[in-house]
Every structure is written in C-alpha cells, then in structure tokens.
Amino acid sequence: MRDFLKDNLKILSHKSPELCSLIKNAPNDNQYNITTSKSGIASLSRISPDGTKKSLHSKYDPKQEAAQFIDSIYSDESSNYILIGLGLGYHLNDLHKRVSSQDRIIIFEKNPTLVRLAFSQNNFSEALSNPGVSIHINPDPSKIEQILYEDRTNLAIHGYTPIDLKPLVNLERDYYKLINLAIKQAHQKFKLDINTQAAYSQKFYKNIFNNGLAITKSPGIVATKDIFPSIPIIIVSAGPSLDKNIGLIKSVREQILVITVATALKPLLRNGIKPDFVISIDPNEDTIQSFDIKEIPEDLWLIYDPCIPPEICSLFNKRKIMMDSKIELAKWITDHSEKKGTLGNISSVAHAAYYLAQHMGCAPIILVGQDLSFEGHRMHCTDSFYNQANQDNIGADRTLGVLEYNKYRGYTQSITPTVDIFDHKSKTTKAMETYRHQLIKEINETGRILNATEGGVNIPGAINISLKEAIIKHCQKNKLPIVNNYLKKIKLPTKNTSLLDSIRKQLVKFDKIKNSIKKIEDNYLVDNKKLIDERKFVLEMEYFYVDLLKDKTTTAIMQGYDYMAFVEWSQQTKRINNTASKPLASDHIQKKNLRDRVFIIRLSKTIDFLTHGFKNLENQLC
C-alpha cells in the first residue's frame, strides 16, 4: 500500500512549516492500529490498555461509510464546515469533493500522531492545496476565538456546520467538548459583533467624523500604562444589585480608584460619589442621557471610543483620553496621525473598564453592579437613565412593574435561562452571556479579580466576595495618588500635517471611484426605458470590483460605512455561485444584474457620504 506521508507533508510545508514539522516529528503511538478493511483500504482502531479494540472506521468500506456520513450532513446552503476529529480523513476527502472553491473547511484534531497516520494512508493533496482548508492540531480550547478570528465575518454571516467524527470524539470526550463549546462561544461573539456593526455602522462613521478634531487632540490610553501599580480599583457597572451596596463605595472613596461605565455615572453622582474615570463606547444618542447632569466634576476623566456621540466629547474639554477603535474609519485616522493604544478585544463597556484597570496596573480589581442578568424584570439599577425613563412614565395604568415587564418583553427572542450566584434560577440574554464568557476567558488568562456584585450570575475565575469584606481586606491602608496630577502630565498630541496630506490623497481616490460609478450609471442605469445589455453591465461591474479591490484600505473604509450592503452582496453572490454549475446561465446573469443594480446605488451613496465627511475633517484640521 502506498505511503502518502512525504507528498502530503511537502504540500503542507508551503502552507505551514510549523504544522508540517509537528506532524513529521510526532511520536509513535501504539494505541492506534492500522488494519486493512474488506474493501482493501486502511481502517483504524484504538487499543485500550486492557487490550480491547475500538473501531474508528468501518471494517468493510471506510470510504463508503464516510460518503454516507457526509451525505447526511452536507448542504448546498452551507459554506463553512468545522471537522472535529480527523481519524484517517476519509470524510475530509469526501467533503472536499463536494464543496465550492469559496467554501471553508476547518479541522481540529487533538493527536499529531493520528494526523501522521492519516497523512500516510490517504492522499490529501487537493484538500491541502486549497487555501480554504486549514488544520489545527491539539489547540488550546481557550485560543479557539483567536484561531477563528480571521473567519469571523464569514462565520457570523453564513454560520457553520459542525462535523464530529463521533467514534474518535467519544474517546477524547472532555477535550472535544471544550473545543465545541469554545467554537459556539466564539461564533456567538462574532455574530454579536457583526450584528452591532451592521446596525450601527453608519452611526459609527457619522460620530467619528464629528469627533475628528477630538481624535487628533486627545492623548491615547497608551500613556496610562502601569501608572497606578497595585492600587485597588472598583469597576462600577449599572446592574440592579448596585442599589444595595452603592453606599459602601462612598465610605471608602478616599482609599480606592473608581472607574464607572457611563450608565452608572448618574447613580454614583446622585449618591455623592465622584469616580476618577468614566468609560463610554456606545454610539447611541441614548448614551448622552447618562451625562445629562448639572455639572461634570472637574477631576473626572473620560475614556472613550471615537464612535461615541460628539456631545459627550465636548463635555470634557481636555480631560479625555482615547482608545483605538476597531472601526475602519477611526483606524484610518489614527494610522495616519497617532496611534492611541488598544485595550484589546472589547465586547462591552464593562470589558473596556476591566481592561483599563489592568492596563493601568491596578490590583486588586473589584467588580460591583456586574449582574449580567435580570433581577426580576429589571436589568439596571435605580437612577440609571434606563430606570429613570420607566419612572418618568409611571401612570395610573402604568405601574413601574408593568413598565419594567414591557421592557423585559422586548428581549424575548434573546432571553436565555441561567443561574445566579445563589443557585437560583434567573434570566439573561445571549449578548450578556457572551460578555460573561469573554470576561471569564480574560480573568483566567490575566489573573485575580474580586466579584463584589453580590448578585447576578457567577463569573468563574473571579472570587465572589461581599463588597464590605473586599473593602476591609484591600482598601484600608492605601495611599491613593491624586489622579488628576498624574493625568495632567500626559502630553497632548502635536499637530500632525501628514494627516491632512493623507485626507487629500484619499479624497482623490474617492473621486476616481465616483467617476467610475458615474460612467457605469450613465451607460446602464440612467435611462430606465432603455434596454440594456445585462451581460455587459455585469461584466463592467466585475471589472469595477477587481479594480476596487486593488485598494484594500479604501474598500475597507467603504465596507465599514454601509456594512449591510456588502453583507447582502456577499450573501447573494454565495447563492448565485451555489447554483452556477446548473443550466440556464441567462438566469444567473439576470440575478447578478439585479444584485449589481442595487449595490452600485449603495456604493454611490457611500462615496458621497465619505467624500463629504473627509472634506469636513479636512476643514476641521485646517
């Protein structure tokens, strides 16, 4: 029987030399036994310490078994497949014959020796040569999100089909259970991020343009690295449990630093507690209501993402520090002026606060108000603007309980059951569950944190403790620095003329794209009564796409503004390509024509908005 190991490794070496070396040098493992099936090809079994054998493939015809297995799973509608357990890889080869060139296959296998056996017995040349196929050997379950990150948009939009090789997975049940859970959690986070971007992309851009001058004048959080080493800090979130222990924060205010999320700012100030930092990352106008107070304390500093409403930035004068954003427009501005520093992969404002506390070197980090669940039908504490809105609408037929329940019902589709720290049944949302998993992951990777929320869901890795006990143990003998004195020493950015030059060059690029779009529109779309050659129009658009994609930066800026336009184009293209091998080519041209007619109008509006925004930014800086 032919040994394919050398040929397979040669192909893999071009894609991943490290993976190739790992497989090549994998130790022998006598627990796996290769036998010849009745069809004449290799089969595989595992020998237990007591000598019993467990077959991992059919003893009769492993290829036919794999084909039947994939038959039960494969669908033209699916574009991403995640294989859990490789075995000898018959199911991989069968699947690869069926998928299109745009489909993705991601393989997770625990044992490098098993991969070497598979590479010896099967020819994987086509699969290994395909850039859409990747293999990961013995990955740390906590690193799955990083492994899948480059595929996040594709996975979020199109989902994925899991393919578990059950005879093998059952032998390593605990490990593969963690892998599957990590994949599900990563996918949920990717969907949340993409849904947020799809819903708010245009608002992000509008706010970033309006914050243009603030972005160039604000120092970055990079300047706050380790400035408060080993100083205890409380992170205040606006969960309903904050009501019962907010007074304790006031009692220890002089011995501890305080970071608050924007929603908890009003409750703190109304209880006579002035935090050191307030963090804001939300683009919604509702966020402004968190700052609707008579006067911003003179020594309160804003830590902000540039996508927040500009009205918030204007309240803080020079007392604001910016973090780098993952939004393309903001990245473009800081790439061409000054990087501000990143706090990592932020999922929520509470994560941003946690990352900031770590970044500044604070310890211990104490959480309060981090419920991440409902208390009854309530998600926020008293005096938060969400709760205040309900109180303002109380009437004879609208009690506070009724109003809270009505708001709770708005979350119906995303509500999921959970258990609180007292082992009582509770409710949370899919989004909050994702935030919780992200926080758990970060805590496990980065160290000690005290959860003094005294309510809400459990956060494994954090030490549950009452706020009173946390204060007694950690906040009695601290010499607290005067925060304002430290932060006032941070140097403000110098005027950067290169940003102006970059803006003007980008405007030239937009103008070129606008001219190309106008030419296509004039030829094919202006006169609705004129019969057009659909094939020529589609071909013209294909040339346009090829030219556009040569400038990845400009394409990314455009995609970041009208995210849904690009998502819908991608989805429609996927559906068209899935039927491209079938007859009636004219039908495919017609579908592409309809797709492109809608898309070019969206692109034109995008270019108009970006041109206007960049010109306004240019005027602000002049």
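Just above, that's the structure.
Residues numbered from 1 in each chain as written. Predicted model: local features only at pLDDT ≥ 70, side-chain atom pairs only at ≥ 80, totals over all residues. Heavy atoms only, no water.

Before going further, it helps to examine the pairing of strand β6 (residues 133-137). Summarising burial for β6: five of the five residues are buried, a large majority. Residues Val-133, Ile-135 and Ile-137 of β6 are buried on one face, and the alternating residues Ser-134 and His-136, pointing to the opposite face, are buried as well. Two elements, strand β5 (residues 104-109) and β6, share five bridges in a ladder whose sense is parallel. Within β6, the residue paired with Ile-107 across the bridge is Ile-135. (Buried < 20%, exposed > 50% of the residue type's maximum accessible area, 1.4 Å probe, protein only. Helix = DSSP H or I, 4+ residues; strand = E, 2+ residues; numbered from the N terminus. Pairing = 2+ DSSP bridges.)

Before going further, it helps to examine the sheet that holds strand β7 (residues 161-164). Strand order in the open sheet made by the four strands is β6-β5-β4-β7, with parallel pairing throughout. Two strands bound the open sheet, and with one partner strand each, they are β6 and β7. Each strand axis lies, on average, 15° off the axis of its neighbour in the sheet, ignoring direction. (Axes fitted to C-alpha atoms, helices over the stretch in contact; angles between N-to-C directions.)

Moving on, we get to the packing of aromatic side chains. Two measures describe an aromatic ring pair: the distance that separates the ring centres and the angle between the ring planes. Applying the stated criterion to the full structure yields 19 aromatic pairs. Their ring planes at 50° and their centres at 6.0 Å tell us that Tyr-545 and Phe-599 sit as a pair that is tilted. One end of the pair, Tyr-545, is in helix α23 (residues 534-549); the other, Phe-599, is in helix α26 (residues 585-621), and 54 residues separate them in sequence. Given the relative accessible area of 10%, Tyr-545 is considered buried. When the centroid spacing of 5.9 Å and the interplanar angle of 35° are considered together, the rings of Trp-569 and Phe-599 count as tilted. (Phe/Tyr/Trp six-rings, centres within 6.5 Å; stacked < 30°, edge-to-face > 60°.)

Time to look at the sheet that holds strand β2 (residues 42-47). On the basis of which strands lie adjacent, the open sheet formed by three strands has the order β1-β2-β3 and antiparallel pairing. A single partner strand is all that each edge strand has here, and the edge strands are β1 (32-36) and β3 (53-55). Averaged over all neighbouring strand pairs, the angle between strand axes comes to 35°, with direction disregarded. Note: β1 against β2, five bridges, orientation antiparallel. From the neighbouring strand, Thr-36 faces β2, where its bridge partner is Ala-42. Sheet strands in contact with helix α5 (residues 112-121) are β1 and β2, and its direction is about 20° off that of β1. (Contact = heavy atoms within 4.5 Å.)

Moving on: unusual backbone geometry. The omega torsion across Ala-363 and Pro-364 is -5°, close enough to zero to call that bond cis. Mapping Pro-364 onto the fold places it in the loop between α16 (349-359) and β13 (365-368). At Asn-138, a residue that is not glycine, the phi angle is positive and equals roughly 50°. Structurally, Asn-138 is set in the loop between β6 and α7 (144-148). In this structure, Asn-317 is a non-glycine residue whose phi angle is positive, near 50°.

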